[in-house]
Amino acid sequence: MVEASTRGEQPEGSGGYDEVKRRSAELFVVLTGGRTSASARERARADLVSLHQPLVEHCARRFRNRGEPLDDLLQVGAIGLLKAIDRFDADRGVEFSTYATPTILGEIKRHFRDKGWAIRVPRRLQEIRMQIATTSAELTQSLGRSPTAPELAAKMECSVEEIVEGLESGNAYATLSLDAGEESEDGAASMLESLGVDDANLAHIDLRESIRPLLEQLGHREKRILLLRYFGNMTQSQIAEEIGVSQMHVSRLLTRTLAQLRAGLDDNRNV
């Protein structure tokens, strides 16, 4: 089937599959010849790439509409073709197209595994996810229903936790933009518009709740001094004038009140 597909993909004027096969054999003789010059080998290699480009296109088209541009798949497939050309041993009696096809497909699949993920996940989880897909299809056919995580784990000889991790990793393959939303005026708001922001006050909520009962235990004058100093941004001299005492007395009261609050907080932490 591979050879038939390759034959059908040959460009006009190539002389058909038999001609490609004959020309390919000639080029490999030049490429592997011990007395062939370096320039002749490079030309033979380039001609082999051009000759089997339809095979690359045939393999790449099998992966269309999977989230990767066809041009990128063609480039990746061409890398697989080059690897196949460099590794091919004509003495084994195997057709080059038969040898090259799995190499090209493997390179494209590796591209999807490594580059097709919106969020980078460990290679181990990527491989588990691919294995889950294959095993799930087999079990669905044999069981007549979708398999459970324990059934998948038993078939794949791994833990249920690994199955769950592999399934969850699939969420990283494709992501949705925070700006995504319906383009119409009456469409839904984007995800970004529905997200909240971090409340800076939450970082101090424990401290505020711990100090609240301590503040209630203070006298009226001490509470007023704290209010004027830290919420009214008044200096000690201004506070002294406001409540009718000396600045020195305000300083002593403020120092004593803060020490009392610190001691109360330390006691609460040690409880």
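Per an unreviewed UniProt entry, the recorded name for the chain is RNA polymerase sigma-B factor, and the organism is Nocardioides terrae.

Some words on the layout of surface pockets
Considering only enclosed or pocket space, the largest pocket measures out at about 510 Å³ in volume. In terms of lining, the largest pocket is formed by 16 residues, of which the most central are I211, L215, L226, F231 and L261. Among the residues forming the lining of the largest pocket, the class breakdown is ten nonpolar, one polar and five charged.

Points about a nonpolar patch on the surface
Together, L227, Y230 and F231 line one region of the surface with nonpolar side chains, adding up to about 380 Å² of accessible area. With respect to the helices and strands, the residue F231 is situated in the loop between α12 (220-230) and α13 (236-243). By relative accessible area, F231 is classed as exposed at 69%.

Brief notes about the packing of helix α3 (residues 38-51) against helix α5 (residues 70-87)
Interhelical geometry of α3 versus α5 gives an angle of 130° and a closest axis separation of 10 Å. The angle between α3 and α5 falls in the class oblique. Crossing of α3 over α5 shows right-handed handedness. On the side of α3, the interface is formed by R45, L48 and V49, while α5 contributes L81, L82, I85 and D86. Looking at the contact of α3 with α5 residue by residue, the class counts come to five nonpolar, no polar and two charged.

Side note on the side chain of E107
By the secondary structure assignment, E107 is in helix α6 (residues 96-115). Of the residues examined, E107 reaches a relative accessible area of 12% and is grouped as buried. Residues in contact with E107, not counting those within four places in the same chain, are V76, I79, G80 and K83.

Overview of the packing of aromatic side chains
Counted by the stated rule, this structure contains four aromatic pairs. Ring centres of F28 and F88 lie 4.8 Å apart, and the angle between their planes is 55°; on these two criteria the pair is classed as tilted. One end of the pair, F28, is in helix α2 (residues 16-32); the other, F88, is in the loop between α5 and α6, and 60 residues separate them in sequence. Classification of F88 as buried rests on a relative accessible area of 11%.

Thoughts on the nonpolar core
Ranked by internal contacts, the top residues of the largest apolar core, which has 25 residues, are F28, L81, I85, F96, I104 and I108. The leading source of residues in this core is α6, at six residues. Those residues in contact with F96 that sit more than four places away from it in its chain are S24, F28, H52, L81, A84, I85 and F88. If you look at the next biggest cluster of nonpolar residues, it comprises 13 residues, including I225, L226, L228 and I239.

Here's the deal with α2
Helix length check: α2, at 17 residues, gives a terminal C-alpha distance of 24 Å against a target of 24 Å (1.5 Å per residue), a fit within 8%. By the burial criterion, the buried members of α2 are Y17, V20, S24, L27, F28 and L31. All buried residues of α2 project into a common sector of 105° when viewed along the axis, lining one side. Exposed side chains of α2 directed beyond 90 degrees from the buried face belong to D18 and V29.

Regarding the confidence of the model for the chain
Looking at the chain, the pLDDT average stands at 80 and 77% of residues meet or exceed 70. A low-confidence stretch, residues 1-15 (pLDDT under 50), is modelled with 20 contacts involving residues beyond four sequence positions or located in other chains.

Remarks on the UniProt feature "domain: RNA polymerase sigma-70" (unreviewed entry) in the chain
When the UniProt feature table is mapped onto this chain, "domain: RNA polymerase sigma-70" (unreviewed entry) is found at residues 72-85. A helix fraction of 100% and a strand fraction of 0% characterise residues 72-85, whose end C-alpha atoms lie 20 Å from each other.

A closer look at unusual backbone geometry
Residue E157 is not a glycine yet carries a positive backbone phi of 60°. Within the fold, E157 resides in the loop between α8 (149-156) and α9 (160-169). Positive phi outside glycine occurs at N233, with the angle close to 55°. If you trace the backbone, N233 turns up in the loop between α12 and α13. On the basis of relative accessibility, which here comes to 63%, the residue N233 falls in the exposed class.

Scoring rules and cut-offs
Residues numbered from 1 in each chain as written. Predicted model: local features only at pLDDT ≥ 70, side-chain atom pairs only at ≥ 80, totals over all residues. Heavy atoms only, no water. 1 Å grid on protein atoms, 1.4 Å probe; cavity = no way out; pocket = protein on both sides within 12 Å on 5 of 7 lines; lining within 4 Å. Points joined across faces, edges and corners; volume = space filled by probe spheres on them. Nonpolar A, V, L, I, M, F, W, Y, C, P; charged D, E, K, R; others polar. Patch = residues over 30% accessible without salt bridge, like charges linked within 9 Å, V, L, I, M, F, W, Y side chains within 5 Å. Areas by Shrake-Rupley, 256 points an atom, 1.4 Å probe, with all protein chains shown as cover. Salt bridge = Lys/Arg side-chain N within 4 Å of Asp/Glu carboxyl O. Helix = DSSP H or I, 4+ residues; strand = E, 2+ residues; numbered from the N terminus. Buried < 20%, exposed > 50% of the residue type's maximum accessible area, 1.4 Å probe, protein only. Axes fitted to C-alpha atoms, helices over the stretch in contact; angles between N-to-C directions. Parallel < 35°, antiparallel > 145°, perpendicular 65-115°, else oblique. Left-handed = near helix turned anticlockwise from the far one by under 90°. Contact = heavy atoms within 4.5 Å. Phe/Tyr/Trp six-rings, centres within 6.5 Å; stacked < 30°, edge-to-face > 60°. Core = buried A, V, L, I, M, F, W, Y, C linked by side-chain atoms within 4.5 Å. Expected span 1.5 Å × (residues − 1). Arc of directions from axis to C-beta. pLDDT = per-residue confidence, 0-100. UniProt positions renumbered as here; feature names shortened; annotations may be inferred.

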